[in-house]
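Read off the chains here:
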Amino acid sequence: MSGRTDGVLRIAAVGDFHCGEEDTGAFRELFAPVNDDADVLVLTGDLTRRGRAPEIRVCVNELTDVKIPIVAVLGNHDYEAENVSDVIATLRGRGIHLLNGDVFTLDDRVGFAGVKGFMGGFGRAALTSFGEPETKAFVGAALHEVQKLEIALRRLATPVRIAVLHYAPVASTIEGEPDIIQPFLGSDRLAEPLDRFGATIAFHGHAHSGVFRGATPGGVPVYNVSLPVIRREGIGRLYYVHELPLPPVGTKI
C-alpha cells in the first residue's frame, strides 16, 4: 500500500454523521485531512438521515476529496426511505466498497468483512426465537446478519481481518445508553463469528451515548465510532484514527 512503510495500518473510522439535504459543505473540509491521516476510511453506517436520494448525494459530495479507499456499511437510517437500492448504487458508483456480507481485500495482509448487523439484545436478555411468527422473523433477521458476517470472515484469507458493522456486537460499548433501548442497539450473537474466525478488530456505530471501546468474550477489540462518541471523547473532529500493527509480509493465517 502506497505511503506506508512503517508496518502500521492507519484506519480512520466514523459512523452516524447523518447527512441531510442542508448539510452540503458541513463535512467536506473535515474529511479532507483523512488522506494524510489514514490509509483507509471506514464508515459504520447511518450516513444519511432517512436514506433519501438527495441525502446520499450530499454524503457522496462530502467525500469528494477523499482519495484513500473507503469501506462502508449501511445503518438503519439509510433504510428508512426504502430507497436502499439507489443508496447502494450511488455509493458504489463513487467507488466506495459497500459491504453487506461482502469482503474487500486491501492487500495480501489486510481484508475487511462487513454487515449492517441487527438488534436483539445481549446475554440472558437476548430475544429468542419462540412464540409468534413475528418474533421468530425478528430473531431470524438477526441470525441472517450473523450468518452473513460468518461467511464473509470465512472468505477472508488475510492474516488481518477487520470487521465493520453498524449495530453493536457487544454490550460493553452500549453502556451509558438508556436501559430501555439497549436491546435495539445490537446483538451479542454478532460477537461469536468475530471470535470464531479470528477477527483482528471490529468497528461499529449506532450507539450515540455508548462507550468508545469494548471487547468480545474472546478478546477482539471493538470500537464504537459513532460521531457523537468521537466528539464526546475528544478523539477527533470527525473520525477516529486507529493505528493497527501489521504482521510481516508473507504471514499466513
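Basis of the calculations
- Residues numbered from 1 in each chain as written.
- Predicted model: local features only at pLDDT ≥ 70, side-chain atom pairs only at ≥ 80, totals over all residues.
- Heavy atoms only, no water.
- Helix = DSSP H or I, 4+ residues; strand = E, 2+ residues; numbered from the N terminus.
- Rg over C-alpha atoms; globule rule 2.2 N^0.38 Å.
- Buried < 20%, exposed > 50% of the residue type's maximum accessible area, 1.4 Å probe, protein only.
- Pairing = 2+ DSSP bridges.
- Salt bridge = Lys/Arg side-chain N within 4 Å of Asp/Glu carboxyl O.
- Expected span 1.5 Å × (residues − 1).
- Contact = heavy atoms within 4.5 Å.
- Axes fitted to C-alpha atoms, helices over the stretch in contact; angles between N-to-C directions.
- Disulfide = S-S within 2.5 Å.
- Phe/Tyr/Trp six-rings, centres within 6.5 Å; stacked < 30°, edge-to-face > 60°.

## Regarding the overall build of the protein chain
For the protein chain, the helix and strand inventory stands at seven helices and 11 strands. Over its C-alpha atoms the protein chain spans a radius of gyration of 17 Å, differing by no more than 12% from the 18 Å that the globule rule assigns to 253 residues. Projecting the C-alpha coordinates of the protein chain onto the three principal axes gives extents of approximately 55 × 45 × 35 Å. Each of the 253 residues in the protein chain was classed as buried or not, and the buried ones make up 54%.

## Thoughts on the sheet that holds strand E3 (residues 70–73)
Ordered in space as E4-E3-E2-E1-E11, the five strands form an open sheet in which the pairing is mixed. Because the sheet does not close on itself, it has two edges, and the strands there are strand E4 (97–98) and strand E11 (240–245). In this structure, strand E2 (residues 40–44) lies alongside E3, joined through four bridges in parallel fashion. Bridging across to E3, Val 42 finds its partner in Val 71.

## Things to note about the pattern of salt bridges
Using the criterion set out here, one finds 12 salt bridges in the structure. Between Glu 21 and Arg 52 there is a salt bridge whose closest N-O contact spans 2.3 Å. Of this pair, Glu 21 sits in the loop between strand E1 (8–14) and helix H1 (28–31) while Arg 52 sits in the loop between E2 and helix H3 (53–62), and the two are 31 residues apart along the sequence. For Glu 21, a relative accessible area of 44% corresponds to the partly exposed category. Note that Arg 49 and Asp 23 form a salt bridge whose closest N and O atoms lie 3.2 Å from each other. One end of the pair, Arg 49, is in the loop between E2 and H3; the other, Asp 23, is in the loop between E1 and H1, with 26 residues separating them in the sequence. Connected via shared salt-bridge partners are Glu 150, Arg 154, Glu 192 and Arg 196.

## A look at helix H5 (residues 133–155)
Count 3.6 residues to each turn of an α-helix, and residues three or four apart come out pointing the same way. Between its first and last C-alpha, H5 extends 32 Å over 23 residues, near the 33 Å set by a 1.5 Å rise per residue. Residues of H5 that are buried sit in contact with strand E5 (102–105), strand E6 (110–114), strand E7 (160–164) and helix H6 (191–196).

## Concerning the pairing of E1
Of all seven residues in E1, seven are buried, a share of seventy percent or more. Because side chains alternate across E1, one face comprises the buried residues Val 8, Arg 10, Ala 12 and Val 14, and the other comprises Leu 9, Ile 11 and Ala 13, equally buried. Of the pairings in the sheet, the one linking E1 to E11 comprises six bridges and is antiparallel in character. Each residue of the ladder has a partner; that of Ala 12, found in E11, is Val 241.

## Describing the sheet that holds E5
One open sheet accounts for six strands, arranged E5-E6-E7-E8-E10-E9; its pairing is mixed. Looking at strand neighbours, the two that pair on one side only are E5 and strand E9 (213–215), the edges of this open sheet. If you compare each strand with its neighbour and ignore which way they point, the axes differ by 25° on average. In the sheet, strand E8 (residues 201–204) pairs with strand E10 (residues 221–224) via three bridges, with the strands oriented parallel. Looking at E10, one finds that His 204 is bridged to Asn 224. Contacting E5, E6 and E7, H5 crosses the sheet at an angle of about 30° to E5.

## Here's the deal with the state of the cysteines
Inspection of the entire model under this criterion finds zero disulfides. There is no disulfide at Cys 19, and the cysteine sulfur nearest it, in Cys 59, is 4.6 Å away. Looking at Cys 59, the relative accessible area reads 1%, which means it is buried.

## Topic: the packing of aromatic side chains
What the rule picks out here adds up to nine aromatic pairs. For the pair Phe 118 and Phe 138, a centre-to-centre distance of 5.2 Å together with 50° between the ring planes defines the contact as tilted. Taken together, the residues span a long stretch of sequence, with Phe 118 in the loop between E6 and H5 and Phe 138 in helix H5 at a distance of 20 residues. Note on Phe 118: relative accessible area 17%, which makes it buried.

## Topic: the side chain of Glu 150
In this structure, Glu 150 sits in helix H5. By relative accessible area, which is 18% here, Glu 150 ends up buried. Setting aside residues up to four positions removed in sequence, Glu 150 forms contacts with Pro 193, Arg 196 and Phe 197.

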